[in-house]
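Remarks on the overall topology
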Amino acid sequence: MEQQKLFVRFAQGSEQTYHEYGGSGLGLFICKSLVDLMSGTIKVSSTKGVGSEFTFTASCPVAEGDARISSPLVTVRSPILQPDGHRTVPRTLLIVEDNPINQKVLKRQLERYGHTCKIASNGLEGIQSIEESCPDLVFMDIVMPVCDGMEATKHIRASEVGGGATRRLPIVGL
């Protein structure tokens, strides 16, 4: 039964899988979508408690001529300038995100504008990080293992009220 759900969008093998490993349930759905686009198939062979093996087939035509890309895919802007040419005021930011790739991408983007970023991998780590050093702004993932973004935000807001905070910490939901 669990194997049938693996390739469905936002589905996980089981509730325990999500709590133990996290993730959004999109990885194998995306893999299946890509394989389908290449007129292929994807299969799983799994033994509970031992592991899983994924195999796929794809039909890919042979490239003709010079298949290299002739123009750049991205345009790089000056690292600490806004699009209108004004300098960005550097801030201390906290990224609370369980996915390592998302952590890395967001951190790189923000550091290009001169900001200092700290990473927390779940809501509990985020709460602890805020207590240790108060950031100027928090980017908070909503769906995470251990403590999700909604629960972490509720805790942060309650501590602001109970602790007599002089300002409300801006939290951006991801």
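Residues numbered from 1 in each chain as written. Predicted model: local features only at pLDDT ≥ 70, side-chain atom pairs only at ≥ 80, totals over all residues. Heavy atoms only, no water.

This part covers the packing of helix 5 (residues 123-132) against helix 6 (residues 149-162). Where helix 5 meets helix 6, the closest approach of the two axes is 8 Å, and the angle between their N-to-C directions is 25°. The angle between helix 5 and helix 6 places the two elements in the roughly parallel class. Along this stretch, helix 5 crosses helix 6, giving a crossing that reads as right-handed. Together, Gly123, Ile127, Ile130 and Glu131 of helix 5 and Ala152, His155 and Ile156 of helix 6 make up the contact between the two elements. (Axes fitted to C-alpha atoms, helices over the stretch in contact; angles between N-to-C directions. Helix = DSSP H or I, 4+ residues; strand = E, 2+ residues; numbered from the N terminus. Parallel < 35°, antiparallel > 145°, perpendicular 65-115°, else oblique. Left-handed = near helix turned anticlockwise from the far one by under 90°. Contact = heavy atoms within 4.5 Å.)

What follows concerns the confidence of the model for the chain. With 68% of its residues at a pLDDT of 70 or more, the chain has an overall mean of 76. Counting contacts from residues 67-81, a segment whose pLDDT is below 50, to residues more than four positions away or on other chains yields 17 contacts. (pLDDT = per-residue confidence, 0-100.)

In this section: the side chain of Gln103. Following the sequence through the fold, Gln103 ends up in helix 4 (residues 100-111). Residues within four places of Gln103 in sequence aside, it is in contact with Ile95, Glu97, Asp98, Ile119, Ala120 and Ser121.

Helical geometry note: an α-helix holds 3.6 residues per turn, so side chains three or four residues apart project in the same direction. For helix 4, built from 12 residues, the straight-helix expectation of 16 Å at 1.5 Å per residue is met to within 8% by its first-to-last C-alpha distance of 16 Å. Looking at the buried positions of helix 4, the neighbouring elements they touch are strand 3 (92-96), strand 4 (116-120) and strand 5 (137-140). The opening residue of helix 4 is Asn99, an N-cap whose side-chain oxygen sits 2.8 Å from the backbone nitrogen of Ile101. (Expected span 1.5 Å × (residues − 1). Polar contact = N/O pair within 3.5 Å; in protein donor to acceptor, adjacent residues only side chain to side chain.)

What follows is about a nonpolar patch on the surface. Taken together, the side chains of Ile30, Leu34 and Leu37 make up a nonpolar region of the molecular surface, amounting to roughly 320 Å² of accessible area. For Leu34, the location among the structural elements is in helix 3 (residues 27-37). (Patch = residues over 30% accessible without salt bridge, like charges linked within 9 Å, V, L, I, M, F, W, Y side chains within 5 Å. Areas by Shrake-Rupley, 256 points an atom, 1.4 Å probe, with all protein chains shown as cover. Salt bridge = Lys/Arg side-chain N within 4 Å of Asp/Glu carboxyl O.)

Turning our eyes to something else, we now look at unusual backbone geometry. Apart from glycine, the bulk of residues carry a negative phi angle, and the bulk of peptide bonds sit in the trans form. The residue Ser39 is not glycine, and still its phi comes out positive at about 55°. Relative to the helices and strands, Ser39 is located in the loop between helix 3 and strand 1 (41-47). Judged by relative accessible area, which is 63%, Ser39 ranks as exposed. Phi is positive for Val146, close to 70°, though the residue is something other than glycine. Structurally, Val146 is set in the loop between strand 5 and helix 6. (Buried < 20%, exposed > 50% of the residue type's maximum accessible area, 1.4 Å probe, protein only.)

Burial of nonpolar side chains together is a common tendency in soluble globular proteins. In terms of nonpolar packing, the biggest core is built from 12 residues, these being Leu94, Val96, Ala120, Ile127, Ile130, Val138, Met140, Met144, Cys147, Ala152, Ile156 and Leu169. At the level of secondary structure, the elements contributing two or more residues to this core comprise strand 3, helix 5, strand 5 and helix 6. Leaving out residues up to four positions away in the same chain, Ala120 has contacts with Leu94, Ile95, Val96, Glu97, Gln103, Glu125 and Gly126. The next biggest cluster of nonpolar side chains, apart from the first, holds 6 residues, and it includes Ile95, Leu110, Cys117 and Phe139. (Core = buried A, V, L, I, M, F, W, Y, C linked by side-chain atoms within 4.5 Å.)

So, about the pattern of salt bridges. Following the criterion strictly, the structure yields 4 salt bridges and no others. The partner of Lys32 in a salt bridge is Asp36, with the nearest N and O atoms 3.1 Å apart. Highlighted residues: Lys32 and Asp36, both in helix 3, separated by 4 residues, approximately one helical turn. Lys32 sits in the partly exposed class, given a relative accessible area of 29%. Among the ionic pairs, Glu151 bridges to Lys154, the shortest N-O distance being 3.5 Å. Here Glu151 and its partner Lys154 are both found in helix 6, 3 residues apart, which amounts to about one turn of the helix. Accessibility expressed as a relative area gives 52% for Lys154, which makes it exposed.

Let's shift gears to the side chain of His115. By the element assignment, His115 lies in the loop between helix 4 and strand 4. Under the relative-accessibility criterion, His115 is labelled buried at 13%. Reaching out from His115, the side chain makes a polar contact with the backbone nitrogen of Arg91 at a distance of 3.0 Å.

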